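# Residue-level structure breakdown
Next come the chains, spelled out residue by residue.
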Amino acid sequence: MRYRTIVDAMLLLVRDGQVLLAQRQGTGYADGWWNLPSGHLEEGETIDEAVRREAFEEVGVKIAPEDLRFAHLCHFRNAEGQARMGVFFEAVAWSGEPVNAEPHKCSQIAWFPLGELPPNTYPYTAAGIEHYRRNVPYAAVHADR
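Bear in mind that the values here come from a model prediction, so they are computed numbers and not experimental data.

## Re the overall build of the protein
Broken down by element type, the protein carries 2 helices and 9 strands. Traced from its N-terminal end to its C-terminal end, the protein shows the element sequence β-β-β-β-β-α-β-β-β-α-β. Taken over C-alpha atoms, the radius of gyration comes to 14 Å for the protein, in line with the 15 Å a tight globule of 145 residues would show. Based on the C-alpha atoms only, the size of the protein along its principal axes is roughly 45 × 35 × 30 Å. Counting every position in the protein, which comprises 145 residues, the buried fraction comes to 43%. Considering only intrachain contacts with a sequence separation of at least 6, the fraction spanning at least 24 residues in the protein is 70%. On the protein, roughly 7600 Å² of surface is accessible, and the fraction owed to carbon and sulfur atoms is 51%. Of note, the protein has its 14 positive side-chain charges centred 5 Å away from the centre of its 20 negative side-chain charges.

Put into structure tokens, the structure is as follows:
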């Protein structure tokens, strides 16, 4: 059997040294944890199309294809052996001011200093942000979540 994993499109909106995070609620996955605006790759779309779609769906911003920059690839495995592949893109420009566009899935959005994330930032997200800060393009992360 071939290995399969979930592919996540992860958006880094960074402004004045701060990154935008969203606190999950009511989804059944990582509720209460802070995460980047993100989502799964859907059938027929490229990963950059997915991150642009998620940006609009989750925080109401539009990003032109040329305004996305690949930032990091994270292969994450939790203590239960579940794996995800996160592709992190930084938006170098966007239109619109971020808002909580999915209040049924997100309790709030907020900006946090890149080096001072809240303690309940999802480990996968925190690892990707830290590697982005250090300009590390790839990491395999094993967490105890």
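Picking up after the structure, the text goes on.
## Thoughts on helix α1 (residues 47–59)
For α1, with 13 residues, the first-to-last C-alpha span of 18 Å sits near the 18 Å given by 1.5 Å per residue. Those residues of α1 that fall on the buried side of the exposure criterion are Ile47, Ala50, Val51, Arg53, Glu54, Ala55, Glu58 and Val59. Looking at the buried positions of α1, the neighbouring elements they touch are β1 (6–12), β3 (18–24), β5 (38–40), β6 (68–77), β7 (83–91) and β8 (106–113). Taken from the residues just after α1, glycine 60 is the one with a positive phi, measuring 70°.

## Some words on the layout of surface pockets
Taken as a whole, the largest pocket spans an internal volume of roughly 430 Å³. For the lining of the largest pocket, the element with the most residues is α1, which contributes 4 residues.

## What to know about the pattern of salt bridges
A side chain with one charge can pair with a side chain of the opposite charge if their charged atoms come near. Applying the stated criterion across every chain, the model contains 8 salt bridges. The partner of aspartate 8 in a salt bridge is arginine 84, and the shortest N-O contact between them spans 2.7 Å. Separated by 76 residues along the polypeptide, aspartate 8 in strand β1 and arginine 84 in strand β7 bring together distant segments of the chain. Residues aspartate 8 and arginine 84 agree in their burial class; the two are buried. Glutamate 97 is paired through a salt bridge with arginine 15; the nearest N and O atoms lie 3.0 Å apart. Note that glutamate 97 is positioned in the loop between β7 and β8 and arginine 15 in strand β2 (residues 14–15), a separation of 82 residues in sequence.

## Here's the deal with the sheet that holds β1
Sheet architecture is open: 5 strands sit in the order β5-β1-β7-β6-β9, paired in mixed fashion. Edge positions in the open sheet fall to β5 and β9 (138–142), since each of these has one partner strand only. When the angles between neighbouring strand axes are averaged without regard to direction, this sheet yields 25°. One ladder, built from 9 bridges, connects β6 with β7; its direction is antiparallel. The residue of β7 that forms the bridge with cysteine 74 is glycine 86. Against the sheet, helix α2 (residues 123–133) makes contact with β1, β6, β7 and β9, and its axis sits at roughly 45° relative to β7, the strand it touches most.

Definitions and limits used
Residues numbered from 1 in each chain as written. Predicted model: local features only at pLDDT ≥ 70, side-chain atom pairs only at ≥ 80, totals over all residues. Heavy atoms only, no water. Helix = DSSP H or I, 4+ residues; strand = E, 2+ residues; numbered from the N terminus. Rg over C-alpha atoms; globule rule 2.2 N^0.38 Å. Buried < 20%, exposed > 50% of the residue type's maximum accessible area, 1.4 Å probe, protein only. Contact = heavy atoms within 4.5 Å. Areas by Shrake-Rupley, 256 points an atom, 1.4 Å probe, with all protein chains shown as cover. Lys, Arg positive; Asp, Glu negative; His and termini not counted. Charge placed at Lys NZ, Arg CZ, Asp CG, Glu CD. Expected span 1.5 Å × (residues − 1). 1 Å grid on protein atoms, 1.4 Å probe; cavity = no way out; pocket = protein on both sides within 12 Å on 5 of 7 lines; lining within 4 Å. Points joined across faces, edges and corners; volume = space filled by probe spheres on them. Salt bridge = Lys/Arg side-chain N within 4 Å of Asp/Glu carboxyl O. Pairing = 2+ DSSP bridges. Axes fitted to C-alpha atoms, helices over the stretch in contact; angles between N-to-C directions.

Note that all results are geometric; they support no functional claim without further evidence.
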